[in-house]
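Structural description and commentary
Read off the chains here:
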Amino acid sequence: MGKKIIKKIKIQKIMGGKATPAPPIGPILGSSGVNIMEFCKKFNEETRNSLGKSCPVIISVYEDKSFSFIIKKPPVSLLLLNTIGIEKGSKESNRIKMGKINLDDVLSIAKSKMNDLNCSSIDAAVSMICGTAKSMGIEIDFSKKNVKKNN
């Protein structure tokens, strides 16, 4: 029988390779009795290839105050913003459009986020990402000029 999990902690805004005992990490882990420096060292080691990128993490805290963690992919909204090269989405997404993204880019985001999304097919993942893009004021280019035709 494995160790009993007493707490699960989710931290969204943590940069890869730059975890420090400062807020928000320190207070969250300290209140759970986790060794903060040990977490920071392990997290920074595992995310050294993602320096400066947002790396959401889920930390499982066990009875003996040991821990394990799972590093997730960056949020879909961040991936969309990086793809089109802007800093923020639109305040009024129904009126002000911030940019355009093609279906190939949406598909590549869906494939990279498939394990983190709550869906069972790639079509459902693409649909979720298109909804996020729409709410951010990003238009999806559905033109099929990149699709090869069979003759």
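Structure report, in brief. The numbers attached to residues start from 1 for each chain and follow its sequence in the written order. Totals for whole chains, interfaces and linings use every residue, but because this is a predicted model, local features are given only for residues with pLDDT of at least 70 and side-chain atom pairs only at 80 or more, for both listing and counting. Side-chain measures were taken over the full set of non-hydrogen atoms in the model, leaving aside hydrogen atoms and water.

1. Describing the environment of Ile-140
Helix numbers and strand numbers start at the N terminus; a helix is a DSSP run of H or I with at least 4 residues, a strand a run of E with at least 2. In this fold, Ile-140 is placed in strand S5 (residues 138-141). Its relative accessible area of 16% is what places Ile-140 among the buried residues. Taking the C-alpha atoms as reference points, Ile-140 and Asn-102, separated by 38 residues in sequence, lie 5.6 Å from one another. Excluding residues that lie within four positions of it along the chain, Ile-140 makes contacts with Ile-101, Leu-103, Val-106, Cys-130 and Ala-133. Partly exposed residues are those whose accessible area sits between 20% and 50% of the maximum for their type, while under 20% is buried and over 50% is exposed, using a 1.4 Å probe and protein chains only. The contact criterion used throughout is that any non-hydrogen atoms of two residues lie within 4.5 Å.

2. Some words on the packing of aromatic side chains
Stacked, tilted and edge-to-face pairs are distinguished by plane angle, under 30 degrees for stacked and over 60 for edge-to-face with tilted covering the rest, among Phe, Tyr and Trp rings (Trp via its six-membered ring) whose centres lie within 6.5 Å. Tallying each qualifying case throughout the model produces 5 aromatic pairs. Pairing Phe-39 with Phe-43 gives two aromatic rings, centres 5.7 Å apart and planes at 25°, and the pair type is stacked. Separated by 4 residues within a single helix, Phe-39 and Phe-43 lie in helix H2 (residues 36-46), roughly one turn from each other. Using a relative accessible area of 0% as the deciding quantity, one classes Phe-43 as buried. Note on Phe-43 and Phe-69: the rings are 6.2 Å apart at their centroids and 50° apart in plane angle, and the pair reads as tilted. In this pair, Phe-43 is assigned in helix H2 and Phe-69 in strand S3 (residues 67-71), connecting sequence segments 26 residues apart.

3. Concerning the sheet that holds S3
Pairing is antiparallel in the open sheet, where 3 strands are placed in the order S1-S2-S3. The two strands at the open ends of the sheet, each matched to only one other strand, are strand S1 (5-11) and S3. Between one strand and the next, the sheet's axes are offset by a mean angle of 15°, whatever the strand orientation. Of the pairings in the sheet, the one linking S1 to strand S2 (residues 57-62) comprises 6 bridges and is antiparallel in character. Looking across to S2, one finds that Lys-7 is bridged to Val-61. For helices, the fitted line uses only the C-alpha atoms of the stretch in contact; every axis is such a line through C-alpha atoms, and the angle between N-to-C directions lies from 0 to 180 degrees. The sheet contacts of H2 involve S2 and S3, and relative to S3 the element is tilted by about 30°. Pairing between two strands requires that DSSP report at least two bridges joining them.

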